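# Observations on the three-dimensional arrangement
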Amino acid sequence: MLALLAAVPVPLVALGTAAPAEAQRRVVGGSAVSTADHPWIVALSSRQQFGSGRSGQFCGGALVTPTKVVTAAHCFYDEARGRVDRPGLKVIVGRDDMRGTSGREVAVRSVWIHPDYSFAANMNDVAVLTLAESQGALPVVELVGQGETEPYAAGTTTQVYGWGDTTGRGDYSPVLRGVSVPVVPDQVCAQAYPGGQDGRFDARGMVCAGEERGGKDACQGDSGGPMIVDGRLVGLVSWGTGCAEAAHPGVYTRVSSVADAVRSVL
Ligand code: ARG
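Conventions used here
Residues numbered from 1 in each chain as written. Predicted model: local features only at pLDDT ≥ 70, side-chain atom pairs only at ≥ 80, totals over all residues. Heavy atoms only, no water. 1 Å grid on protein atoms, 1.4 Å probe; cavity = no way out; pocket = protein on both sides within 12 Å on 5 of 7 lines; lining within 4 Å. Points joined across faces, edges and corners; volume = space filled by probe spheres on them. Nonpolar A, V, L, I, M, F, W, Y, C, P; charged D, E, K, R; others polar. Helix = DSSP H or I, 4+ residues; strand = E, 2+ residues; numbered from the N terminus. Near = heavy atom within 4 Å. Polar contact = N/O pair within 3.5 Å; in protein donor to acceptor, adjacent residues only side chain to side chain. Areas by Shrake-Rupley, 256 points an atom, 1.4 Å probe, with all protein chains shown as cover. Phe/Tyr/Trp six-rings, centres within 6.5 Å; stacked < 30°, edge-to-face > 60°. Buried < 20%, exposed > 50% of the residue type's maximum accessible area, 1.4 Å probe, protein only. Lys NZ or Arg CZ within 6 Å of the ring centre and 35° of its normal.

Below, the discussion takes up empty space enclosed by the protein. Scanning all chains against the criterion turns up one cavity of 30 Å³ or more. Estimated volume of the largest cavity: approximately 40 Å³. Lining the largest cavity, in full, are Gly210, Glu211, Gly214, Lys216, Asp217, Ala244, Glu245, Ala246, His248 and Pro249. Along the lines of polarity and charge, the residues of the lining of the largest cavity split into three nonpolar, three polar and four charged.

Written out as structure tokens, the structure reads:
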């Protein structure tokens, strides 16, 4: 995730197309971080579906109580099939490098999807997993309050974490990475995502972040992972056009819009 990458505005499928030199210049947008410093960052895993090379990692999440993980609803959806099971679903705690075996793989007892989640509109993109065993010893992250606005002020620095694609070309990171991205004004994001092919931004349930020139972003595989402001969970990696493109910031679930619903199942 953290697409450290830069402006690679070219659709991944159009690799044959000559891209402007500018578009090929890589920009490093993030760096390796450790679950030792952020023990509440977790990976979602399905070895049966995604193979064991990277521990079956397919999304990120955050521990908000010793038994509950907040992630994105779309981690449990598929374009073709709609709601899907992730066979052998586990939450991995305390593992920085998905090629290794450190930390623990914890079974998931149940998956709650926000009742008003819309896959088509990307609204209310939040899910809560209940773990089979309490992670009593681990620090958890605090959720932002329902209706809070201050953490979402344009320009606010956020931290985003994940094991996703670092280039937008399928280069999944084996190690946890983090990147800082500023909150983008809602009006700017609404212009970037007016609906249609690129999707529609709805500030009631979403917030955008990214540098104006691109180069720093979440990407495929980072979904559900935490966006943090002042140590609190304010966003979840949700969607975006490409990764780290100048004109297309990352779009995150606005946790303040679903905080009460989430709390009702904690
Ligand atoms: N939907 C993606 C996932 O499932 C996350 C995409 C985020 N994209 C972005 N440009 N911030 O992993």
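This brings us to the layout of surface pockets. In this structure, the largest pocket occupies an estimated 930 Å³ of space. Looking at the largest pocket, it is lined by 36 residues, and the ones nearest its centre are His74, Asn122, Gln220, Ser238 and Trp239. For the lining of the largest pocket, the secondary structure elements donating two or more residues are strand E3 (57-65), strand E5 (77-78), strand E15 (232-239) and strand E16 (250-254). Residues belonging to the lining of the largest pocket are distributed by class as follows: 16 nonpolar, 14 polar and six charged.

Our focus in this paragraph is the site of the ligand. Taken together, 15 residues form the shell around the ligand, and within it His74, Asp217, Gly221, Ser223 and Gly242 come nearest. Contact distances for the ligand include 2.9 Å between an oxygen atom and a side-chain N or O atom of histidine 74. Take serine 238: an N or O atom from its main chain is 3.1 Å from a nitrogen atom of the ligand. Within the complex, the protein chains bury 90% of what would otherwise be the 350 Å² of accessible surface of the ligand. Among the elements that line the shell around the ligand, the one with the most residues is E15, at three residues. Along the lines of polarity and charge, the residues of the shell around the ligand split into five nonpolar, eight polar and two charged.

Another point: the packing of aromatic side chains. Taken as a whole, this structure holds six aromatic pairs when the rule is applied. Ring plane angle 85° and centroid distance 6.3 Å describe the contact between tryptophan 40 and tyrosine 161, whose orientation is recorded as edge-to-face. On the criterion of sequence distance, the pair formed by tryptophan 40 in the loop between strand E1 (31-32) and strand E2 (41-45) and tyrosine 161 in strand E11 (residues 157-162) is long-range, its members being 121 residues apart. Like tryptophan 40, the residue tyrosine 161 is buried in the burial classification. For the pair phenylalanine 58 and phenylalanine 76, a centre-to-centre distance of 6.3 Å together with 90° between the ring planes defines the contact as edge-to-face. In this pair, phenylalanine 58 is assigned in strand E3 and phenylalanine 76 in the loop between strand E4 (68-71) and E5, connecting sequence segments 18 residues apart. Judged by its relative accessible area of 10%, phenylalanine 58 is buried. A connected cluster of aromatic rings, assembled from ring pairs, spans Phe50, Phe58 and Phe76. Sitting over the face of the ring of tyrosine 152, arginine 254 holds its NZ or CZ atom 4.8 Å from the ring centroid.

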